[in-house]
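# Report on the structure
Okay, here's what each chain looks like letter by letter:
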Amino acid sequence: MEPVRIDASRLTSFGDAGESVFCLITSPELTDRFAVTPGPRYGTAQVIPFAGTADFAEFLATSVPQRADLLVVLPNVYFRSPTPAELGPHRKLAVMAVTSTPSSLESIAHFIRMGERTDPAAQERLADSIFSRGRRAERLVFVDEDYGTSAVFDHLAEELQWHEQGGYLDWGQQQLFPSGEVSVLPVDVFGQDVDRTFALDGEIALRGCPVVHSGTPSFLPADQERIFRNLASMRDAAVVVTVRDGVAVEFEATGEAARPAARTLAALADVDSRFGTLLEIGFGLNTGIELFPGNSAMNEVYGGVAGTIHFGFGLIPYTQYHIDLICPGTRVVDERGEPVFGTGAAHEQRGASA
Amino acid sequence: MSDLPIVIRPDQIRVLGEDRADAFCVVTNPPYVRAFEVAASPRHDRSMVLAYDGTTPFEDFIRERVPERSHVLTILPDCLLHSVPADALGERKLLIMACRSGQTGLDGIAHFLRVGQLTDPREQQAFADSFFARGQATEHLVLVDDDFGTSARFNHLDDQYEWHEQLGEVEWGGQQVYPAGEIACFLVPLKSTDLEDDRRFDVDGRLALRGRLIVQSGPPSFLLADQERIYRRLSTIAESALLVDVSGGVITAVQPADDRCRPAATMLESLFEVDSRFSQIFEFGFAFNRDATPWPGNCAMNEVYGGAHGQLHVGLGMLPHTQYHIDMFLTGTRVHGHDGELLFGGPAGPMARRRAAMCPCLVTV
């Protein structure tokens, strides 16, 4: 395969480059698989190997320029995000999510291109729209007209935790690459127990593209792939999940095609009830990307044409997996039916999984 | 249960042998320190109940708090205890009650303390010696359940299998689960870091899973409510049987013998769906504590329960890799040699003979 070309100046999520050096940090065996050029916004671009044998914070302190925009691509290395102090005030960090799912060089090349197409200004507008419309709404309603499903969500509950991964990076900040997500969780992201659930009731049509992220607990890659393949059957027909107080009480396949997905979702919840609790609602903001075939964590930010919803089950790092189900057919409206997010146009799904 | 402390009688714990020790130490979690009382023992100069809260490595605790040349009984319902390295154990004898992985309360602990007193290590040693002698002389094992018409062939002589004994008297520097009474054949080393190789038990055929089971938790995160629910669903094998087809050491099909254990079949299939390692047999356990009576519920100490003739169980999943290790008994399965000789197990039949110590009126502390 040809080296993956990275024109640093086209990665506009980094925002103002200032006096920064652009640095690609990758595994030693991959350094010659990338061709990095600084482009007009950077004076210099470097490829810095990181084997993972040292602590990343120590590596930052000893091997990385103080003023730098960092793109981290470490498919074979356990990577722990540095603290703000470790990152320092004059660096920006973007991380490709390449460890929780299998990541080929082809997929990395694909998402580098998607990163070039990412429009951080558009993401900020979309995120602002979610929060401004959301604050005006009393309830959010997840609707899939094709399947006649709707679920009502009390999104204003104070204990909810809202997170943003999008827009322009500022100095001392870090985000996923490609970026583009607003997510809400009912519990602390590092909490082990699911002691709170969403105030969410109704039916949700799960139809689209899954992502099966692995976590810290031991798992077999073959199982991860099999679970992904089963869940991918929701591409052709929806699994309608009945939700009571944020907990899935029934998974029903709407057609023979989706039966493997319904069976697997039910089995996951059967073995670990944390898979039966809706633990994340994600608003995919990246309207520039195309989905990559197969189980790819970087698909999570997929925003379709005007934003795409995904639903997350499982609580990494405690559960064996975290499962995102990207549902382009779902749109979000308020209690009066006014649009808040997404178009609900499943047929507009872009990319190989469409 | 009564608020009175549970009295432990060190001189009646026969697995410790007959030699004297400087001290007898019960190690338990802080909430239970007052729940136990150690009776005077002519073989121990002193006794103590020590609190261990699990915040420091247990081997450090042993080195620093437990006197040398002592007998140690751990009862730690709130801690997951691993075996202690030999250099840390030093000249001590360590008995471990498995009361964490299956969530056993004080009443269950009191029950198994009584079982431990009844357990005769010499009888167990003699049984094990005979079992190994006959096992080594046979080319393969045949696992048969006549009631359900199942049969499987286990080529047990593979050098890679690890045979562990939890039985007999404990030597100085030794450790053992308490009560003891099991020979276990493991597919991989107990602390193996890799379950991804192609190693499988050489066993093929059909097995009848019926009777008791234990859902043992380990280091991976889990919810107690899930462990209990999985246990309850699988427990329906007590009423009937799950007939499982085994090919190359892996369960390839699950069929409930009747509707009563359909919940167990569904649960097992869910486990296989989520983690295929649950469909793999990692352990053949030969439990032969004839003095044990089973304790209700999900209790790890039931693993040594052998009834009158010994009971076989299979272990699905492997800690610390899988979320649980599930011991499923094959009550009614007999183990024969290649020539048909009965090596292990068998139905009790009418007028089954039991030792006098099994009389309920003698089962007192």
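Residues numbered from 1 in each chain as written. Chains lettered and ligands numbered in written order. Predicted model: local features only at pLDDT ≥ 70, side-chain atom pairs only at ≥ 80, totals over all residues.

### Some details on the overall build of chain A
Applicable threshold: Helix and strand assignments follow DSSP, with helices taken as H or I runs no shorter than four residues and strands as E runs no shorter than two, numbered in order from the N terminus. When we talk radius of gyration, it's over C-alpha atoms, and the globule rule is simply 2.2 Å times the number of residues to the 0.38. By definition, residue pairs are in contact when their C-beta atoms, positioned from the backbone, come within 7 Å.
Per the secondary structure count, chain A includes 6 helices and 20 strands. A compact globule built from 354 residues should have a C-alpha radius of gyration of about 20 Å, and chain A, at 20 Å, falls within 12% of that. Structurally, chain A occupies a C-alpha span of about 55 × 45 × 35 Å along its principal axes. Nonlocal contacts in chain A, meaning residues at least 24 apart in sequence, comprise 69% of its contacts between residues at least 6 apart.

### A word on the overall build of chain B
Note the following rule: To assign burial, the other C-beta atoms lying within 10 Å of each residue's own C-beta are counted, with C-beta atoms placed from the backbone; 20 or more indicates buried, 12 or fewer indicates exposed, and intermediate counts indicate partly exposed.
Scanning chain B from N- to C-terminus turns up 6 helices and 20 strands. Over its C-alpha atoms chain B spans a radius of gyration of 20 Å, differing by no more than 12% from the 21 Å that the globule rule assigns to 365 residues. Principal-axis analysis of the C-alpha atoms places the extent of chain B at approximately 55 × 45 × 40 Å. Residues classed as buried in chain B amount to 47% of the 365 residues present. Of all intrachain contacts in chain B linking residues separated by at least 6 positions in sequence, the fraction that spans at least 24 positions is 69%.

### A look at the interface of chain A and chain B
Threshold: Residues are sorted three ways: Asp, Glu, Lys and Arg are charged, Ala, Val, Leu, Ile, Met, Phe, Trp, Tyr, Cys and Pro are nonpolar, and all the rest, Gly among them, are polar.
Counting residues at the interface gives 16 residues for chain A, matched by 15 residues for chain B. Contributing elements (two or more residues each) for the side of chain A that touches chain B: helix H5 (221-231) and helix H6 (259-271) of chain A. Top contributing element to the side of chain A that touches chain B by residue count: H6 of chain A, with 5 residues. Across the side of chain A that touches chain B, the residue classes break down as 7 nonpolar, 5 polar and 4 charged.

### Some words on helix H6 (residues 262-274) of chain B
Applied cut-off: By this rule, a helix spans an expected 1.5 Å times one less than how many residues it contains.
Here H6 of chain B is 13 residues long and its end C-alpha atoms lie 19 Å apart, about the 18 Å a rise of 1.5 Å per residue gives. For H6 of chain B, the set of buried residues is Ala264, Ala265, Met267, Leu268, Ser270, Leu271, Phe272, Glu273 and Val274 of chain B. Among the structural elements, H6 of chain A together with helix H5 (224-234), strand E14 (242-247) and strand E15 (250-256) of chain B are those in contact with the buried residues of H6 of chain B.

### Let's talk about the sheet that holds strand E2 (residues 21-26) of chain A
All names here are of chain A. Which entries qualify depends on this criterion: By the convention used here, strands pair only if DSSP detects at least 2 bridges between them. Axes here mean lines fitted to C-alpha atoms, for a helix over just the part in contact, with angles spanning 0 to 180 degrees between N-to-C directions.
Within the open sheet, the 5 strands sit side by side as E4-E2-E5-E6-E10. Their pairing is parallel. For this open sheet the edge positions go to strand E4 (45-49) and strand E10 (174-177), each flanked by a neighbour on one side alone. Mean inter-strand twist for the sheet, computed between neighbouring axes without regard to direction, equals 25 degrees.

### Focus: the sheet that holds strand E7 (residues 140-144) of chain A
Residue and element names in this part refer to chain A. The 7 strands lie next to each other as E15-E14-E12-E8-E7-E19-E20, forming an open sheet whose pairing is antiparallel. Taken across any chain shown, the strands that pair with only one partner, and hence form the sheet edges, are strand E15 (247-253) and strand E20 (339-341). Strand-to-strand, the axes of this sheet are offset by a mean angle of 30 degrees, without reference to chain direction. Against the sheet, H6 makes contact with strand E14 (239-244) and E15, and its axis sits at roughly 155 degrees relative to E15, the strand it touches most.

### Here's the deal with the confidence of the model for chain B
Residues and elements named next belong to chain B. Put simply, the rule reads: pLDDT expresses how confident the predictor is about each individual residue, on a scale running from 0 to 100.
Summary statistics for chain B give a mean pLDDT of 90 and a share of 92% for residues scoring 70 or more. The low-confidence segment residues 348-365, where pLDDT is below 50, has 14 contacts with residues more than four positions distant or belonging to other chains. Two numbers describe this predicted complex: its pTM, 0.90, and its ipTM, 0.90.

### Re the packing of H6 of chain A against H6 of chain B
Stated precisely, the cut-off is as follows: Convention used here: angles under 35 degrees read as roughly parallel, angles over 145 as roughly antiparallel, angles from 65 to 115 as roughly perpendicular, and any remaining angle as oblique.
For the pair H6 of chain A and H6 of chain B, interaxial distance at closest approach is 8 Å and the crossing angle is 105 degrees. Classified by the angle between their axes, H6 of chain A and H6 of chain B sit roughly perpendicular to one another. In contact with Thr264, Ala267, Leu268, Asp270 and Val271 of chain A of H6 of chain A, H6 of chain B contributes Met267, Ser270, Leu271, Glu273 and Val274 of chain B. The class makeup of the residues in the contact of H6 of chain A with H6 of chain B is 6 nonpolar, 2 polar and 2 charged.

### What to know about the nonpolar core
Short version of the rule: Defined on buried residues, the nonpolar core groups Ala, Val, Leu, Ile, Met, Phe, Trp, Tyr and Cys residues joined through C-beta atoms within 7 Å.
Ranked by internal contacts, the top residues of the largest apolar core, which has 206 residues, are Leu206 and Val239 of chain A together with Leu242 of chain B. Of the residues forming this core, the biggest block, 8 residues, is contributed by H6 of chain A. Discounting residues that sit within four places of it in the chain, Val239 of chain A has contacts with Leu206, Met234, Phe251, Glu252, Ala253, Ala258, Ala261, Ala262 and Leu265 of chain A.

### Things to note about the environment of Pro219 of chain B
All names here are of chain B. Take Pro219: it is sitting in the loop between strand E13 (213-217) and H5. On the basis of neighbour count, Pro219 is assigned to the partly exposed category, with 13 C-beta atoms found within 10 Å. Distance from Pro219 to Gln323, taken between C-alpha atoms, is 7.7 Å for residues 104 residues apart in sequence. Beyond its immediate chain neighbours, meaning those up to four positions away, Pro219 contacts Leu80 and Pro320.

### What to know about the pairing of strand E16 (residues 278-284) of chain A
All names here are of chain A. The buried count for E16 comes to 7 of 7 residues, which makes it a mostly enclosed element. Of the strand pairs in this sheet, strand E11 (residues 181-185) and E16 are connected by 4 bridges, and their pairing is antiparallel. When the bridges of E16 are listed, Ser183 appears paired with Gly282.

### With respect to unusual backbone geometry
A cis amide bond links Phe177 of chain A with the next residue in sequence, Pro178 of chain A, at an omega value of -10 degrees. At the junction of Tyr178 of chain B and Pro179 of chain B, the peptide bond is cis and its omega measures out at -5 degrees in the coordinates. Its place among the elements puts Pro179 of chain B in the loop between strand E10 (175-177) and strand E11 (182-186). Positive phi, close to 50 degrees, is recorded for Asp245 of chain A, a residue that is not glycine. Tracing the sequence through the fold places Asp245 of chain A in the loop between E14 and E15. Residue class for Asp245 of chain A comes out exposed when judged on the 12 C-beta atoms lying within 10 Å of it. Despite not being glycine, Arg69 of chain B shows a phi value in the positive range, around 55 degrees. The topology assignment puts Arg69 of chain B in the loop between helix H1 (58-65) and strand E5 (70-75).

### Looking at the environment of Gln175 of chain A
Residue and element names in this part refer to chain A. Its place among the elements puts Gln175 in strand E10. Accessibility expressed as a C-beta count within 10 Å gives 22 for Gln175, which makes it buried. Taking the C-alpha atoms as reference points, Gln175 and Pro82, separated by 93 residues in sequence, lie 12 Å from one another. The residues contacting Gln175, other than those within four sequence positions of it, are Ala94, Gln165 and Leu169.

### Focus on the environment of Ala266 of chain A
Within the element layout of this structure, Ala266 of chain A appears in helix H6. A residue is classified by how many C-beta atoms lie within 10 Å of it, and Ala266 of chain A, with 22 of them, is buried.

### Let's talk about the packing of H5 of chain A against H6 of chain A
Residues and elements named next belong to chain A. The N-to-C vectors of H5 and H6 enclose an angle of 130 degrees; their axes lie 7 Å apart at closest approach. Relative to H6, H5 is oriented oblique. Listed contacts from H6 to Ile227, Asn230 and Leu231 of H5 are Pro260, Ala261, Arg263 and Thr264. Looking at the contact of H5 with H6 residue by residue, the classes come out as 4 nonpolar, 2 polar and 1 charged.

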